[in-house]
Amino acid sequence: TDWTKSAPLGGETFDEVYARVTAFVDKIIAKGEDAAIVAHNGPLTMIVAYLLGLDKKFVESFYFRHGCYSVIAVDNGYKKGLNSLEFFNK
């Protein structure tokens, strides 16, 4: 009844994927360099929600079109949601 709490056989739950993706983002940001992330729609939606300080339930609010790019300007206080979505699906 809740797809975020169940996992496909041998797979991960939504929360497990979210934790893995956000830990990856934290590692990238810790380097302090510009970065390009190429990924599937699911992880990209998690990254945007996380960096904008939105609750996990908002990942379904974003859909990345093929062949487009999006830009998030990350502020030093990124965990507080102080970042800005500069471009989306451009």
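Each remark here, short or long, concerns the structure printed above.
Given the structure is predicted, the values throughout are model-derived calculations rather than measurements. (Residues numbered from 1 in each chain as written. Predicted model: local features only at pLDDT ≥ 70, side-chain atom pairs only at ≥ 80, totals over all residues. Heavy atoms only, no water.)

*Asks:* Before we move on, could you go through helix α1 (residues 14–30) and cite the residues and values that matter?
*Replies:* Between the first and last C-alpha of α1 there are 24 Å, a value that for 17 residues agrees with the 24 Å anticipated at 1.5 Å per step. Among all positions of α1, only F14, V17, Y18, V21, T22, V25 and I28 are buried. Along the long axis of α1, the arc covered by the buried residues comes to 120 degrees, so they all point the same way. Across α1 from its buried face, at more than 90 degrees, point the exposed residues K27 and A30. G32, located one to two residues past α1, shows a positive phi value of around 70 degrees. (Helix = DSSP H or I, 4+ residues; strand = E, 2+ residues; numbered from the N terminus. Expected span 1.5 Å × (residues − 1). Buried < 20%, exposed > 50% of the residue type's maximum accessible area, 1.4 Å probe, protein only. Arc of directions from axis to C-beta.)

*Asks:* Would you mind going over the packing of aromatic side chains in detail, with residue names and values included?
*Replies:* The relation between two aromatic rings is expressed through the spacing of the ring centres and the mutual angle of the planes. Scanning the entire structure with this criterion turns up 5 aromatic pairs. Both rings, one in F64 and one in F88, keep their centres 5.0 Å apart while their planes meet at 65 degrees; by these two values the pair is edge-to-face. You can see F64 sitting in the loop between α2 (41–51) and β1 (71–73) and its partner F88 sitting in the segment after β2 (84–87), a full 24 residues away along the chain. The class of F88 is partly exposed, set by a relative accessible area of 30%. Taken together, the ring pairs connect F14, Y18 and Y50 into an aromatic cluster. (Phe/Tyr/Trp six-rings, centres within 6.5 Å; stacked < 30°, edge-to-face > 60°.)

*Asks:* How would you explain the layout of surface pockets if you had to name every residue and give the values?
*Replies:* Estimates place the volume of the largest pocket at around 900 Å³. Taken together, 31 residues form the lining of the largest pocket, with A35, A36, I37, L44 and S70 sitting closest to its centre. When contributions to the lining of the largest pocket are tallied by element, the ones reaching two or more residues are α1, α2 and β1. Of all the elements, α2 adds the most residues to the lining of the largest pocket, at 5 residues. (1 Å grid on protein atoms, 1.4 Å probe; cavity = no way out; pocket = protein on both sides within 12 Å on 5 of 7 lines; lining within 4 Å. Points joined across faces, edges and corners; volume = space filled by probe spheres on them.)

*Asks:* Which residues make up a nonpolar patch on the surface, and what are the values?
*Replies:* On the surface, Y69, V71 and F87 cluster together into a nonpolar patch covering about 250 Å² of accessible area. Turning to its location among the elements, Y69 is positioned in the loop between α2 and β1. (Patch = residues over 30% accessible without salt bridge, like charges linked within 9 Å, V, L, I, M, F, W, Y side chains within 5 Å. Areas by Shrake-Rupley, 256 points an atom, 1.4 Å probe, with all protein chains shown as cover. Salt bridge = Lys/Arg side-chain N within 4 Å of Asp/Glu carboxyl O.)

*Asks:* Provide a residue-level description of the pattern of salt bridges, including the pertinent values.
*Replies:* Going through the model one piece at a time under the given rule, you end up with 3 salt bridges. The residue R20 makes a salt bridge to E12 at a minimum N-O spacing of 2.6 Å. Take R20: its relative accessible area is 47%, and that puts it in the partly exposed class. Classification of E12 as partly exposed rests on a relative accessible area of 33%. Measuring nitrogen to oxygen at the nearest pair gives 3.0 Å for the salt bridge that ties D15 to K56. Separated by 41 residues along the polypeptide, D15 in helix α1 and K56 in the loop between α2 and β1 bring together distant segments of the chain. Of the residues examined, D15 reaches a relative accessible area of 29% and is grouped as partly exposed. By relative accessible area, which is 31% here, K56 ends up partly exposed. Three or more residues are tied together by salt bridges with common partners; here these are K5, D15 and K56.

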